[in-house]
Amino acid sequence: MSSEFSTANRAWWDQDAHNYHESHKNYLSSFYWCPEMLHEKDARLLGDVRNKRVLEIGCGSASCTRWLEGHAHLAVGFDLSMGMLRHGSGNLVQANALEMPFADGAFDVAFSAFGAIPFVESSVDVLREAVRVVKPGGRFVMSINHPMRWIFADDPESFEVQFSYFDRSGYVEVAGGEVTYAEQHRTMGDRIRELLQVGFVLDDVIEPEWPEGLTENWGQWSPMRGKMFPGTVIFVSHKPYLF
């Protein structure tokens, strides 16, 4: 199933790459962690990266990686979709997050900003790869859609509850008997346990608030929803020296 998910999502993002970039130009213009437009220059969740080797997991067109090129010693991004990578530039690799083509401890910092983790069947396997490629003492940060968002209709103006928070069966689109798109759901507790299971130490959990003045809808994110409940959660963690 993981292979089926990968094949489906690679094809979906390849096909949607142009439309995605046309629809989200502001968000893709720099290093934003989430639709709430939290910028790394303000949040500094990666810490001081001036002399660090940094890896972006599921980089898409690598807007975050591009920003890091002017700040980190080395910034590398990888993504499953060549269609998305063609919209980017820099040190980019096409690869599957379940099998990262990098040596153990190759990076000082790794992160994922809405990339890869929600789109594989087994996110814990992605985290195992992340903890492998980060050196002891290194940082790992990931932003994903807030698990509570899963229960609501995929409509930025709706507060209708459609799904159970505890239903982990995920969302799958099928056409002609084949999976064409897949996304999985985990609870907040699941996400924390997976990070701890692979060996990361959790340092912080951030639920960005909707900022004043931001009026742009982004998929299911909107000012109306954002003022009532979180749309994003960011986990900040590190790999202990005694790993």
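Cut-offs applied
Residue numbers here run from 1 along each chain, matching the order of that chain's written sequence. Predicted model: local features are reported for residues with pLDDT of at least 70 only, side-chain atom pairs are reported and counted for 80 or more only, and whole-chain, interface and lining totals are derived from all residues. The basis for the side-chain values is all heavy atoms of the structure; hydrogens and waters are excluded. Segments assigned H or I by DSSP are reported as helices when at least four residues long, segments assigned E as strands when at least two residues long, and all are numbered from the N terminus. Here a residue-residue contact requires only that any non-hydrogen atoms of the pair lie within 4.5 Å. A simple rule labels every residue: compare its accessible area, found with a 1.4 Å probe on the protein chains alone, to the largest value its type can have, and call it buried under 20%, exposed over 50%, or partly exposed in between. Salt-bridge detection follows one rule: a side-chain nitrogen of Lys or Arg within 4 Å of a carboxyl oxygen of Asp or Glu. Ring geometry is summarised as follows: Phe, Tyr and Trp rings, the Trp one being its six-membered ring, pair when their centres sit within 6.5 Å, and such pairs are stacked at plane angles under 30 degrees, edge-to-face over 60 and tilted between the two. UniProt positions are given in the numbering used here, feature names are shortened, and annotations may be inferred rather than shown by experiment. The pairing criterion for strands is at least two bridges between them, as found by DSSP. Every axis corresponds to a line fitted to the C-alpha atoms, with the helix fit spanning only the stretch in contact, and the corresponding angles, defined between N-to-C directions, vary from 0 to 180 degrees. The patches described consist of residues with a relative accessible area above 30% and no salt bridge, like charges being joined within 9 Å and nonpolar side chains (Val, Leu, Ile, Met, Phe, Trp, Tyr) within 5 Å. Computed by Shrake-Rupley with a 1.4 Å probe, the accessible areas treat only the displayed protein chains as cover when residues are assessed. We treat Lys and Arg as the positive residues and Asp and Glu as the negative residues; His and chain ends play no part in the count. Here the site of a charge means atom NZ of a Lys, CZ of an Arg, CG of an Asp or CD of a Glu.

Checked against the element boundaries, E194 lands in helix α6 (residues 188-198). With sequence-adjacent residues up to four places away left out, E194 is seen in contact with S123, V124, L127 and R186.

Because an α-helix completes one turn every 3.6 residues, residues spaced three or four positions apart along the sequence face the same direction. When we look at burial in α6, the residues that qualify are M188, D190, R191, E194, L195 and V198. Taken together, the buried residues of α6 touch α5 (123-133), β5 (134-145), β8 (201-206) and β9 (232-238). Trailing α6 by a residue or two, G199 shows a phi angle of about 120°, which is positive.

Pairing between side chains becomes possible if they bear opposite charge and their charged atoms approach one another. Using the criterion set out here, one finds eleven salt bridges in the structure. A salt bridge links K25 to E22, with the shortest nitrogen-to-oxygen separation between them at 3.5 Å. Taking the shortest distance from any N to any O, the salt bridge between D104 and R132 comes out at 2.8 Å. One end of the pair, D104, is in the loop between β3 (91-94) and β4 (107-113); the other, R132, is in helix α5, and 28 residues separate them in sequence. Classification of D104 by relative accessible area gives exposed; the value is 59%. Here the salt bridges do not stand alone but share partners, grouping R53, D108 and K135 into one network.

This paragraph deals with the packing of aromatic side chains. This structure, assessed with the given rule, holds 20 aromatic pairs. A ring pair is formed by F140 and F200, whose centres lie 5.0 Å apart and whose planes are at 15°; its orientation type is stacked. Separated by 60 residues along the polypeptide, F140 in strand β5 and F200 in the loop between α6 and β8 bring together distant segments of the chain. We note that F140, like F200, is buried. Members of the aromatic cluster, each reached through a chain of ring pairs, are W12, W13, Y20, F119, Y171 and Y181.

Right, let's talk about the UniProt feature "domain: Methyltransferase type" (unreviewed entry) in the protein for a bit. Mapped onto this numbering, the UniProt entry gives "domain: Methyltransferase type" (unreviewed entry) at residues 55-142. Segment residues 55-142 splits into 24% helix and 33% strand. End C-alpha atoms: 12 Å apart.

Right, let's talk about the sheet that holds β4 for a bit. If you walk across this open sheet you meet the seven strands as β3-β2-β1-β4-β5-β9-β8, and the pairing is mixed. Two strands close off the open sheet at either side, each with one partner strand: β3 and β8. Strand-to-strand, the axes of this sheet are offset by a mean angle of 20°, without reference to chain direction. Where α5 meets the sheet, its contacts fall on β1 (53-57), β4 and β5, and the angle it forms with β5 comes to roughly 145°.

Among the surface-exposed residues, D154, D155, E157 and E160 lie close enough to one another that they form a single negatively charged patch. Within the element layout of this structure, E157 appears in the loop between β5 and β6 (171-175). When its relative accessible area of 43% is taken as the criterion, E157 is described as partly exposed.

Mapped onto the fold, N145 is located in strand β5. When near neighbours in sequence (up to four residues on either side) are disregarded, N145 contacts F114, P118, E183, W221, G231 and V233.

Let's shift gears to the environment of L28. With respect to the helices and strands, L28 occurs in the loop between α1 (2-23) and α2 (40-43). Taking the relative accessible area as the measure of exposure, L28 reaches 11% and is therefore buried. Note: C-alpha distance between L28 and L242 (214 residues apart in sequence) is 37 Å.

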